[in-house]
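# Observations on the model geometry
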Amino acid sequence: MLTIKNISFRYDIELSFLFKDLSFEASDGDIVSISGKSGSGKTTLLNILCGVIPKIIHGELDGKVFIKDQDISKLTLPQTAPCISLLMQEPDQQLFFPTVEQELAFAPENLKVPKEKIEETISSVLLELNIESLRFEETAFLSFGQKKLVTFASILTLSPDIFLLDEPSAGLSKKYIEKISSIIKKLSESGKIIFIADHNKDLLSMANKKIVLDKIS
Ligand SMILES: Nc1ncnc2c1ncn2[C@@H]1O[C@H](COP(=O)(O)OP(=O)(O)OP(=O)(O)O)[C@@H](O)[C@H]1O
Ligand SMILES: [Mg+2]
């Protein structure tokens, strides 16, 4: 379960609030859409949910985020990371290794998962996303859509309880949007919570809960 309690946020005291007193609750299995115009704060809200704001990106934040009754402001990012994972809007900010395989191995290696199990996990997420052919490719030469799929694969290797997906359909063909829709559906059926900030109507229509952001002036 994830609970947002009375969140208000602005990047700077001289700027206007993006949210004021926003409260929300997501239970296991919920798919939550976050919609709103460009600049309404979708990415900002996802960064607050995983603690990147205010731990890495600063601003004036009031209110609290709880994951299973645990106040995330009391946890470090390495403590929350295995439980809540963010698919970033810009995949270049999330890709650090020369090849796709190295990228996908990084998180499970950090968590001391045995080598054979890592091999197995990488094979199965690549198969699930239908991108096995990218396994030995250099990440720098992938298209934007391929980079989004690889970053999605990397968070699938972690199997967190909560997925925060920032524009997961960006750069993808219809076939791949259908693929990620079916993965999101399966994740929800297995009890994961999924937040989706996107413009794609088919993806947004999968949600059973909605957050609509309107700019506060
Ligand atoms: N680090 C920052 N410092 C100051 N202002 C910021 C920062 N990051 C974003 N903003 C501003 O905050 C507002 C919300 O940005 P955000 O990226 O959260 O919107 P969004 O809804 O995700 O937009 P998009 O649909 O274009 O991705 C925008 O006006 C943006 O310029
Ligand atoms: Mg955004």
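Notes on the structure in this doc start here. (Residues numbered from 1 in each chain as written. Chains lettered and ligands numbered in written order. Predicted model: local features only at pLDDT ≥ 70, side-chain atom pairs only at ≥ 80, totals over all residues. Heavy atoms only, no water.)

### Describing the site of ligand 1
- Close to ligand 1 lie 15 residues, the nearest being Ser38, Lys42, Thr43, Thr44 and Gln89.
- Separating an oxygen atom of ligand 1 from a side-chain N or O atom of Ser38 is a distance of 2.6 Å.
- With respect to ligand 1, the backbone of Ser40 contributes an N or O atom lying 3.3 Å from an oxygen atom.
- Across the shell around ligand 1, the residue classes break down as three nonpolar, eight polar and four charged. (Near = heavy atom within 4 Å. Polar contact = N/O pair within 3.5 Å; in protein donor to acceptor, adjacent residues only side chain to side chain. Nonpolar A, V, L, I, M, F, W, Y, C, P; charged D, E, K, R; others polar.)

### Re the nonpolar core
- Counting residues in hydrophobic clusters, the biggest one holds 33 residues, and the most contacted among them are Leu129, Ile131, Phe152 and Leu165.
- Elements that contribute at least two residues to this core include exactly α4 (100–110), α5 (115–128), α6 (144–158), β7 (162–166), α7 (174–189) and β8 (193–197).
- In this view, Leu165 contacts Leu46, Leu87, Phe152, Ile155, Ile184, Ile194, Phe195, Ile196 and Ala197; residues no more than four positions away in its chain are not counted.
- Phe19, Leu45, Ile48 and Cys83 belong to the second-largest nonpolar core, a separate cluster that totals 31 residues. (Core = buried A, V, L, I, M, F, W, Y, C linked by side-chain atoms within 4.5 Å. Buried < 20%, exposed > 50% of the residue type's maximum accessible area, 1.4 Å probe, protein only. Helix = DSSP H or I, 4+ residues; strand = E, 2+ residues; numbered from the N terminus. Contact = heavy atoms within 4.5 Å.)

### Observations concerning α6
- The terminal C-alpha atoms of α6, which comprises 15 residues, lie 22 Å apart, in line with the 21 Å expected from a rise of 1.5 Å per residue.
- For α6, the buried fraction is high: twelve of the 15 residues fall into the buried class.
- Buried within α6 we find Gly145, Lys147, Lys148, Leu149, Val150, Thr151, Phe152, Ala153, Ser154, Ile155, Leu156 and Thr157.
- In the core, the buried residues of α6 are packed alongside β6 (84–87), α4, α5, β7 and α7.
- Once α6 finishes, Ser159 follows within two positions and takes phi at roughly 45°, a positive value. (Expected span 1.5 Å × (residues − 1).)

### Comments concerning the pairing of strand β1 (residues 2–10)
- When you tally the buried positions in β1, you get seven out of nine residues, the bulk of the element.
- Strand direction decides the pairing type here: β1 and strand β2 (residues 19–26), joined by five bridges, are antiparallel. Directly across from Ile7, in β2, lies its bridge partner Leu22.
- Sheet topology places β1 next to strand β4 (residues 60–67); seven bridges connect them, and they run antiparallel. (Pairing = 2+ DSSP bridges.)

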